[in-house]
Amino acid sequence: MIEVIVNGKRTEISRAMNVNEIIKELDYKVKGFAVAVNGTFVAIATYENTIIRDNDSIEILAPVQGG
Amino acid sequence: MNEELGMRNEEWEIGGKTLSSRLLIGSALYPSPANMEDAIKISGSQIVTVSLRRQAAGGTDGSGGNQFWDIIKSMGIEVLPNTAGSHSAKEAITTAQMAREVFGTNWVKLEVIGDQYNLQPDPFETVKAAEVLIKEGFEVFPYTTDDLVVAKRLADVGCNIIMPWGSMIGSGKGLMNPDNLVAIRKQFPDLQLVVDAGIGKPSHAAQAMELGYDGVLLNSAIALAQDPVMMADAFRVAVEAGRLGYKAGTMKEREFASPSTPTIGTPFWHQFD
């Protein structure tokens, strides 16, 4: 197991993995979110090649109301 | 009646789009998503601001976020994602990039907060982020103060739109420094200028439009009204009135009273008195 930070919370995942895999492992079902890793935007096209490693910080954001 | 008058619903261009409404409206703080939808519809607004927040695993975050987004998508209006909550250029840039993917627009309301107490924008980080985002193809709608020099810097880095505040976000205090807003209008006759934040009453919106601003952006004034839908209607009318007033050309202020009723033939006046 490795530890990563998902939306500000420490979370254990089974191993280092790409963004597609972590989304599946964390059970994100609803589409329409965007991802940043360590403060940098990760486009959908690069999910496969972006590896989440120990202590990485991942943000998964979705549409909400805004002013 | 609008068509008969021929002066309302005048088209204007912002961010590469031709629109008729000059009222930009926020989507937050309404009593319910249905109320938000009704308010947006009656406001006539064609641009609605939206945002991004952390998504919980498994489905929704329980805040009705998906229902909200489904409603907005169904309305066929332009969305203007904001970078609210950003405290640095880096955070704002990343948020804008994420928003472009999620919302499918290159528009971004650039918001970099410099002080948590009054939510005043950080001018240095805002300019820095605007420069990067414009190079990346974004149409940047920067939220800024009413400081003329900051507006100049934003224009220098390529902003076509500048959105100075009327007063603090959510304060409802109206236009704190109309003279500053006028100075920005005079310096930038060709940019699209929108008063963003601080508007609390329809009269504030009308005042901004009378100053020659191209539009107003507000949220709390409608969403926190006792009747948001009626208030949205009031703002629609106020923005139209202010715009028409500006175009019609207001009279010059005078230092002394001047009667409007003709003095010739005034009754009960005697020449021999």
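See the structure shown above.
So, here is what we can say about the structure in this document. It should be emphasised that the depicted structure is a prediction, and the values quoted were computed from it without experimental measurement. (Residues numbered from 1 in each chain as written. Chains lettered and ligands numbered in written order. Predicted model: local features only at pLDDT ≥ 70, side-chain atom pairs only at ≥ 80, totals over all residues. Heavy atoms only, no water.)

## Topic: the overall build of chain B
In terms of helices and strands, chain B carries 10 helices and 12 strands. For chain B, with 273 residues in total, the buried portion stands at 48%. Considering only contacts in chain B between residues 6 or more positions apart, those separated by 24 or more positions represent 65%. Approximately 13500 Å² of chain B is accessible, and the part contributed by carbon and sulfur atoms is 52%. A gap of 3 Å separates the mean positions of the 23 positive and 33 negative side-chain charges of chain B. (Helix = DSSP H or I, 4+ residues; strand = E, 2+ residues; numbered from the N terminus. Buried < 20%, exposed > 50% of the residue type's maximum accessible area, 1.4 Å probe, protein only. Contact = heavy atoms within 4.5 Å. Areas by Shrake-Rupley, 256 points an atom, 1.4 Å probe, with all protein chains shown as cover. Lys, Arg positive; Asp, Glu negative; His and termini not counted. Charge placed at Lys NZ, Arg CZ, Asp CG, Glu CD.)

## Details of the packing of helix α6 (residues 148-156) of chain B against helix α7 (residues 178-187) of chain B
Residue and element names in this part refer to chain B. Close contact between α6 and α7 brings their axes to 10 Å; oriented N to C, the two are set at 30°. It follows that α6 is roughly parallel to α7 by the angle criterion. For the pair α6 and α7, the crossing hand works out as right-handed. Each of L148, A151 and K152 in α6 lies in contact with α7, whose residues at this interface are A183, I184 and Q187. (Axes fitted to C-alpha atoms, helices over the stretch in contact; angles between N-to-C directions. Parallel < 35°, antiparallel > 145°, perpendicular 65-115°, else oblique. Left-handed = near helix turned anticlockwise from the far one by under 90°.)

## Some words on the interface of chain B and chain A
Taken residue by residue, the interface counts 30 residues in chain B and 28 residues in chain A. Across the chain B/chain A interface, buried area totals approximately 2400 Å², and carbon plus sulfur atoms make up 60% of it. Taken together, chain B and chain A are joined by one salt bridge. Linking R54(B) and E59(A) is a salt bridge whose minimum nitrogen-to-oxygen distance equals 2.7 Å. Applying the counting rule to chain B against chain A returns 16 residue pairs in polar contact (both at pLDDT 80 or more). Elements with a minimum of two residues in the side of chain B that touches chain A: β4 (47-54), α3 (65-74) and α4 (89-103) of chain B. Broken down by element, the residue count for the side of chain B that touches chain A peaks at seven residues, all from α4(B). Taken together, the residues that form the side of chain B that touches chain A break down as 10 nonpolar, 15 polar and five charged. (Buried area = accessible area lost by both parts, 1.4 Å probe. Salt bridge = Lys/Arg side-chain N within 4 Å of Asp/Glu carboxyl O. Polar contact = N/O pair within 3.5 Å; in protein donor to acceptor, adjacent residues only side chain to side chain. Nonpolar A, V, L, I, M, F, W, Y, C, P; charged D, E, K, R; others polar.)

## So, the packing of helix α8 (residues 202-210) of chain B against helix α10 (residues 228-248) of chain B
All names here are of chain B. It is the contact of α8 with α10, at a shortest axis distance of 7 Å, that shows an interaxial angle of 25°. Between α8 and α10, the angle is such that the two are roughly parallel. In this structure, α8 crosses over α10, and the sense of that crossing is right-handed. Between α8 and α10, the residues in contact are P202, A205, A206, M209 and E210 and M231, A234, F235, A238, V239, G242, R243 and Y246, respectively. Among the residues making up the contact of α8 with α10, the classes are represented as 10 nonpolar, one polar and two charged.

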